Amino acid sequence: MASCFNDYAVKVSDATSCSSTANLACYPANLLPSTKNAISCLYKTKLSTEKQFYITISWCKNNIANSQGLSINVNEMSSPSFKFSTDYRLFRRKKGTRKLEAGSSKVELFWDISMAKYGLEPEPVTGFYVAVVIDSELVLLLGDMGGEELSSASKKYISSLCRIAKFSLVSRREHFNGNNLYNTKAQFSDLGTAHDILIKCTREDGPVLSVLIDKKKVIRVKSLQWNFRGNRTIFVDGVLIDMMWDVHDWFFNKEEAGNAVFMFRRRSGLDTKLWLEEKVFQKEQEKVEFSLLIFASKKNNHNP
């Protein structure tokens, strides 16, 4: 079945596992994963009035100042968007509310990250909530609402709302800074589970790009300096995932820092062939299926 879609399509279950006789270890002994310093999640929601909104929740981390930041962007399809940001440098407002207007709709923002607990990523793990209410409908709720430390009039108001709109995650962007090893997670199917994704660039008689899902090698590209742009197709949880990479700047950017982009996109059932690079922007606007974008920055003198 895979060959009907792409010559390079592979199944995750059939891929070579790192625990077997693979040439590369899952993690090089002398190399730690790059630091994830920003995460941006795009959600789509629809009100009972059929109005559609896109809501972007962005988290950033300043390692030097040892602080986190939060940004909320609400965009109605028929009106301009607005953006609310906390001060990511000082971050004095760790709890609050705000009322705004987007076109003819009234928007209410609620957030409480005063007791948030963080792991290695900018996005908190527990002890927080972020809520967006539009025209008295709860359209987005992230985090947890439990615990006495989060009890407030805002939480009671959010819990009392009778109308709750459905929302779905359609895009996730992650920004890394450091070396050429990137580790993350993604859930490609609504009925599937979150999978570990490892992207690494190493040197084996030349630069090599390897992509592993759940410790199974699904993609390996040799002579990366000549194959700096490309795509492959894999199967995960019974769905087709198109993976694209662009590492041109790692090799040919004359500036000090080089940037690369890796994209995983769940293919729509209406797609009959692999999406093309020039259509990425169009598909991003259509928001057909879930996509994971990884932006990787590193020093050019660390090229693989």
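Parameters and conventions
- Residues numbered from 1 in each chain as written.
- Predicted model: local features only at pLDDT ≥ 70, side-chain atom pairs only at ≥ 80, totals over all residues.
- Heavy atoms only, no water.
- Helix = DSSP H or I, 4+ residues; strand = E, 2+ residues; numbered from the N terminus.
- Buried < 20%, exposed > 50% of the residue type's maximum accessible area, 1.4 Å probe, protein only.
- Contact = heavy atoms within 4.5 Å.
- Areas by Shrake-Rupley, 256 points an atom, 1.4 Å probe, with all protein chains shown as cover.
- Pairing = 2+ DSSP bridges.
- pLDDT = per-residue confidence, 0-100.
- Axes fitted to C-alpha atoms, helices over the stretch in contact; angles between N-to-C directions.
- Arc of directions from axis to C-beta.
- Core = buried A, V, L, I, M, F, W, Y, C linked by side-chain atoms within 4.5 Å.
- Polar contact = N/O pair within 3.5 Å; in protein donor to acceptor, adjacent residues only side chain to side chain.

As annotated in an unreviewed UniProt entry, the protein chain is DUF868 domain-containing protein from Papaver somniferum.

Counting secondary structure elements, the protein chain contains three helices and 21 strands. Within the protein chain, the fraction of its 304 residues that count as buried is 49%. Long-range contacts, defined as pairs at least 24 residues apart, comprise 52% of the intrachain contacts of the protein chain with a sequence gap of at least 6. Approximately 15800 Å² of the protein chain is accessible, and the part contributed by carbon and sulfur atoms is 51%.

The subject of this paragraph is the pairing of strand β7 (residues 95–102). Examined bridge by bridge, β7 and strand β8 (residues 105–112) share eight bridges and lie antiparallel to one another. Bridge pairing in β8 places Thr-97 opposite Phe-110.

Caution applies to low-pLDDT parts of the model: their predicted coordinates are not meant to be read in detail. Across the protein chain, the average pLDDT comes to 77, with 71% of residues at 70 or higher. Within the protein chain, the lowest mean pLDDT, 42, falls on strand β2 (residues 16–17), and the highest, 94, falls on strand β16 (residues 207–213). Long-range and interchain partners of residues 87–91, a stretch whose pLDDT sits below 50, account for eleven contacts in this model, where long-range means more than four residues apart. Segment residues 275–285 is flagged for pLDDT under 50; beyond a separation of four residues in sequence, or across chains, it makes 18 contacts in the model.

What follows deals with the sheet that holds strand β11 (residues 129–134). Hydrogen bonds between backbone groups are what pair the strands of a sheet, and the pairing can be parallel or antiparallel. Read from one edge of the open sheet, four strands run β7-β8-β11-β12, paired in antiparallel fashion. The sheet terminates laterally at β7 and β12 (137–143), the two strands that pair on one side only. Going across the sheet, the axis of each strand differs from the next one's by a mean of 10°, ignoring polarity. Its contacts with the sheet put helix α1 (residues 153–160) on β7, β8, β11 and β12, and the angle it makes with β11 is roughly 55°.

So, on to α1. Among the residues making up α1, those that are buried are Ser-154, Lys-155 and Ile-158. Taken down its axis, α1 places every buried residue within 95° of arc, on the same side. Every exposed residue of α1 that faces more than 90 degrees away from the buried side is listed here: Ala-153 and Lys-156. In this structure, the buried residues of α1 make contact with β7, β8, β11 and β12.

For Glu-50, which is not glycine, the phi torsion reads 75° and is therefore positive. Residue placement: Glu-50 occurs in the loop between β3 (35–46) and β4 (52–62). Phi angles above zero are rare outside glycine, and Asp-135 is one such case at about 50°. Looking at where Asp-135 falls in the secondary structure, it is placed in the loop between β11 and β12. Since its relative accessible area comes to 27%, Asp-135 is described here as partly exposed.

Below, the discussion takes up the nonpolar core. Phe-188, Ile-197, Ile-199, Leu-209, Trp-250, Phe-262 and Phe-264 are the most contacted members of the largest nonpolar core, which has 29 residues in total. Of all the elements in the fold, those that place two or more residues in this core are β14 (181–186), β15 (195–203), β16, β17 (216–221), β18 (229–236), β19 (239–246), β20 (257–266) and β21 (291–299). Not counting the four nearest positions on each side in its chain, Phe-188 is found in contact with His-195, Ile-197, Val-236, Ile-241, Phe-264, Arg-266 and Phe-290. Counting 25 residues, the second largest nonpolar core, distinct from the first, contains Cys-41, Leu-109, Ile-113 and Phe-128.

This part covers the side chain of Ser-105. For Ser-105, the position within the fold is in strand β8. For Ser-105, the side chain forms a polar contact with the side chain of Lys-51, separated by 3.0 Å. Here Asp-135 takes part through its side chain, which lies 3.1 Å from a polar atom of the side chain of Ser-105. Ignoring any residue separated from it by four or fewer positions in sequence, one finds Ser-105 in contact with Lys-51, Phe-53, Glu-76, Leu-100, Ile-134 and Asp-135.

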